[in-house]
Amino acid sequence: MHRRRRPALLLTAAIAAAAPLLTACGSDAHPGAAAVVGDQRITVSQLENRVDEVRAAQRAAVPDDTQYQQVVARTGTLTRDTLHGMVLDQVLHRAAQDAGVTVSRKETQAMRAGLEEQAGGAEQLEAAWLQQYGVAPGRLDENLRLQLEAQKLAESLGTDTSRPEFWQALSKASAKLDVDLNPRYGSWDVQKSSRVNAETPWVREITAAGSQETA
């Protein structure tokens, strides 16, 4: 890990106050699509499968019926939050590509190893990411790669992920991709979206893998 990387940086919760608009979605709902990002369709089926992964992992972690229903109640906006994250992931990746930023598998593995050490093991890290950020265990490496991509993009711009310069890069990428959400899931407006304050996998800053976030 680089010396500057004190915490594992996952984009800060200040997104709601600091982020400029990325885009507002179009009004046309593409048949069968939850969202269209550039030439990529995120289908309703893909979205539902991603949500099912999280629910299955939550169920395995909480076998008691009553406790599981409490978990479901606390994550009642999981579908919209998941789509928000899936779209934002693609926007970030495009912005990183435009800036010539890449992340290697070795870098991702190193980040994971460091977080596992903080958390007390691989299972503990997976459980923490599932509970706090709604990331299924099978998506953890993918999520960590995005964390590094965001951090390296910010560093390439001479800033950090809480600063306007970073979000301006995402805004440009978002405009190029012409993000279009199916209206049933809301609109693509990071600053004003009601999903901003929900628990999405990478709109966070954590100081340790097992730390608790405050609202």
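Our subject is the structure listed above.
Our subject in this report is the structure included herewith. Keep in mind that what you see is a predicted model, and the values were worked out from it rather than measured.

What follows deals with helix H5 (residues 105–119). With 15 residues, H5 should cover 21 Å at 1.5 Å per step; its first-to-last C-alpha distance of 21 Å lies within 8% of that length. Listing the buried residues of H5 in full gives Thr108, Met111, Arg112 and Leu115. Taken down its axis, H5 places every buried residue within 100 degrees of arc, on the same side. Exposed residues lying more than 90 degrees from the buried face of H5 are Lys106 and Glu117.

Moving on: the pattern of salt bridges. Taken as a whole and judged by the stated rule, the model has ten salt bridges. Close ionic contact of Asp65 with Arg59 constitutes a salt bridge, the shortest N to O distance being 2.3 Å. Of the residues examined, Arg59 reaches a relative accessible area of 31% and is grouped as partly exposed. For the salt bridge of Lys152 with Glu107, the shortest nitrogen-to-oxygen distance reads 3.1 Å. Residue Lys152 is located in helix H7 (residues 140–156), and its partner Glu107 is located in helix H5; the two are separated by 45 residues in the primary sequence. Sharing partners across several salt bridges, the network here consists of Arg112, Glu116, Glu126 and Asp141.

Quick notes on the rules
Residues numbered from 1 in each chain as written. Predicted model: local features only at pLDDT ≥ 70, side-chain atom pairs only at ≥ 80, totals over all residues. Heavy atoms only, no water. Helix = DSSP H or I, 4+ residues; strand = E, 2+ residues; numbered from the N terminus. Expected span 1.5 Å × (residues − 1). Buried < 20%, exposed > 50% of the residue type's maximum accessible area, 1.4 Å probe, protein only. Arc of directions from axis to C-beta. Salt bridge = Lys/Arg side-chain N within 4 Å of Asp/Glu carboxyl O.

All quantities given are derived from atomic positions and should not be read as evidence of function.
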